[in-house]
Amino acid sequence: MNEYNIMLDAKDMPDAWYNVASVIPEPLDPPLHPATHQPVTADDLGAIFPPSLIAQEMATEEWISIPGPVMDLYRLWRPSPLRRAYRLEKALGTPAKIYYKNESVSPSGSHKINTSIAQAYYNKQDGVMELTTETGAGQWGTALSIACAMLCMRCTVYMVRVSFEQKPYRRVLMETYGGIVKASPSEETDSGKAFLQKYPDTTGSLGMAISEAVEVAAKSGGLVKYSLGSVLNHVCLHQTIIGLEARKQLESVGEYPDIVIGCCGGGSNYAGISFPFVPDKVRDGKDIDFIAVEPTACPTLTRGLYAYDFGDTAEMTPLLKQYTLGHNFVPPGIHAGGLRYHGVAQTVAALTKQGVMRAVAVHQNPVFDALMLFSVTEGIVAAPESGHAVRVAIDEALKCKESGESKTILFNLSGHGHFDMTAYEAYLNKQLHDYELDQEVIDRAEECIPKL
Ligand SMILES: *Cc1c(COP(=O)(O)O)cnc(C)c1O
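Residues numbered from 1 in each chain as written. Predicted model: local features only at pLDDT ≥ 70, side-chain atom pairs only at ≥ 80, totals over all residues. Heavy atoms only, no water.

Undergrad: Quick question: what am I supposed to make of the site of the ligand here?
TA: Surrounding the ligand, one finds 17 residues, the nearest of these being Lys112, Ser230, Ser268, Asn269 and Ser414. One of the backbone N or O atoms of Gly267 is found 2.8 Å from an oxygen atom in the ligand. A distance of 2.7 Å separates a nitrogen atom of the ligand from a polar atom in the side chain of Ser414. Contact with the protein chains removes 97% of the 380 Å² of surface that the ligand exposes when unbound. Residues belonging to the shell around the ligand are distributed by class as follows: four nonpolar, 11 polar and two charged. Of the residues that make up the shell around the ligand, three or more belong to each of domain 1 (5-9 + 79-109 + 240-448) and domain 2 (17-39 + 50-66 + 112-233). (Near = heavy atom within 4 Å. Polar contact = N/O pair within 3.5 Å; in protein donor to acceptor, adjacent residues only side chain to side chain. Areas by Shrake-Rupley, 256 points an atom, 1.4 Å probe, with all protein chains shown as cover. Nonpolar A, V, L, I, M, F, W, Y, C, P; charged D, E, K, R; others polar. Domains from an automatic or database assignment.)

Written out as structure tokens, the structure reads:
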């Protein structure tokens, strides 16, 4: 009998997050103020974030303990299962061992609730009673709506218009948890009105939605704070619970990964699965292949510039050193909405730039080929975003088949695809387009990156 699921006892759940900033070989470049281009101070960030999260954003210590009430909420679904994909391996005929961390079992159906609960908790500790945010595919808005509901806080979500229209049930789900949802760009903020005037037919973008949510917090006089579902250091920090658990689970069956894979939008779920293994490579010289997987339609790490850029379209956020396609870039409307972001976490960017990690880009049709195989072998209909990781896990397993190597592959299954049936339908009807961006398109998009 094969053991499919490797469980971890609730009492063995890690009680501290791993801070990768403590181990990155070359120090991170400081975030800069959007107007003055001087390093941002805690005071600057205080307009939109609470003090405790600002402290985490700038933290340098290696471990940060997880507060008891956050541990209690995590225990609603954590530790999440680590699954050995025996049936997928068999279908591929590969000698590789494939393991995946199943984050789709959370209340929100994705990894994002790992940070939304932590962020809501710290905001409330600091006296904040309302959060604003943006959402692309709806996963983040759902995760923050649940967290706010559980901590008795208010939540307003600016949802990218194309997702608002493609995924109406995502909106209803957020509303069920008490979230207030607006299609972005909206008429309710100055930045939203400006976008609509300039691009009346826009599908919206995460960059625009961020501008709206940030504006509401910045103009609230401290009553409302802004919450971000990816990219920032504290978000990646909270997600490390994924990799820390996976590490213990692998240890319990005498395993250690040769390859660690995650899909990469802003970088947080990939950070979550990979960061806890980074010190092994950087300090102890372990040979681990870390692979971030992005869509060819939004090839941030593989084709973007390594430069300071804004996180949003309205140029209100601090400038972060990252890989970027330019903060005005609006990617083609692929179904993996959570991967349609022009930039990436500065920690993921730095580790890629410094050669500790690498990135690959894949087209959405091969991603759905992989998702179909995954659903019939593993029984899980995964999110299109997660499908990017599944695709590359399969590709690496097929390379092992060629070479006869029995590598241990670990990937993160970031979420389920139960709200992505329009995407599956388009694939089944052969209506999915693969987008290869012309270099001119990328060059033009990158023109808006500030020259510092
Ligand atoms: C949001 C989302 C992503 C992308 O965000 P990251 O910060 O890069 O992890 C990936 N998968 C799912 C299911 C998501 O909801």
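Undergrad: How should the pattern of salt bridges be read in this particular structure?
TA: Pairs may arise between side chains of opposite charge once their charged atoms sit close together. Overall, the coordinates contain 24 salt bridges when judged by the stated rule. Here Asp289 and Arg358 are joined by a salt bridge, their closest N and O atoms 2.8 Å apart. Highlighted residues: Asp289 in strand 11 (residues 289-295) and Arg358 in strand 14 (residues 357-362), separated in sequence by 69 residues. Residue classification places Asp289 among the partly exposed residues on the basis of a relative accessible area of 24%. Close ionic contact of Lys399 with Glu396 constitutes a salt bridge, the shortest N to O distance being 2.9 Å. Here the residue Lys399 and the residue Glu396 both occupy positions in helix 18 (residues 384-403), the gap between them amounting to three residues, near one helical turn. A residue is classified by how much of its surface remains accessible, and Glu396, at 8% relative accessible area, is buried. Taken together, the shared-partner salt bridges in this structure form one network comprising Arg78, Lys101, Glu103 and Glu245. (Salt bridge = Lys/Arg side-chain N within 4 Å of Asp/Glu carboxyl O. Helix = DSSP H or I, 4+ residues; strand = E, 2+ residues; numbered from the N terminus. Buried < 20%, exposed > 50% of the residue type's maximum accessible area, 1.4 Å probe, protein only.)

Undergrad: Looking at this structure, how should I read the environment of Leu301?
TA: Among the secondary structure elements, Leu301 is positioned in helix 15 (residues 300-303). For the pair Leu301 and Ala361, spaced 60 residues apart in sequence, the C-alpha to C-alpha distance is 8.5 Å. Dropping the residues within four chain positions of it, Leu301 is found in contact with Cys264, Ala292, Glu294, Tyr323, Val344, Val348, Ala349, Thr352 and Ala359. (Contact = heavy atoms within 4.5 Å.)

Undergrad: Explanation requested: helix 5 (residues 113-125) in the structure shown.
TA: Think of an α-helix as 3.6 residues a turn; residues three or four steps apart then line up on the same face. Look at helix 5: 18 Å from first C-alpha to last across 13 residues, which is about the 18 Å you get at 1.5 Å a residue. When you tally the buried positions in helix 5, you get 11 out of 13 residues, the bulk of the element. For helix 5, every residue scored as buried is listed here: Ile113, Asn114, Thr115, Ser116, Ile117, Ala118, Gln119, Ala120, Tyr121, Tyr122 and Asn123. A positive phi of about 85° marks Gly127, the residue just after helix 5. (Expected span 1.5 Å × (residues − 1).)

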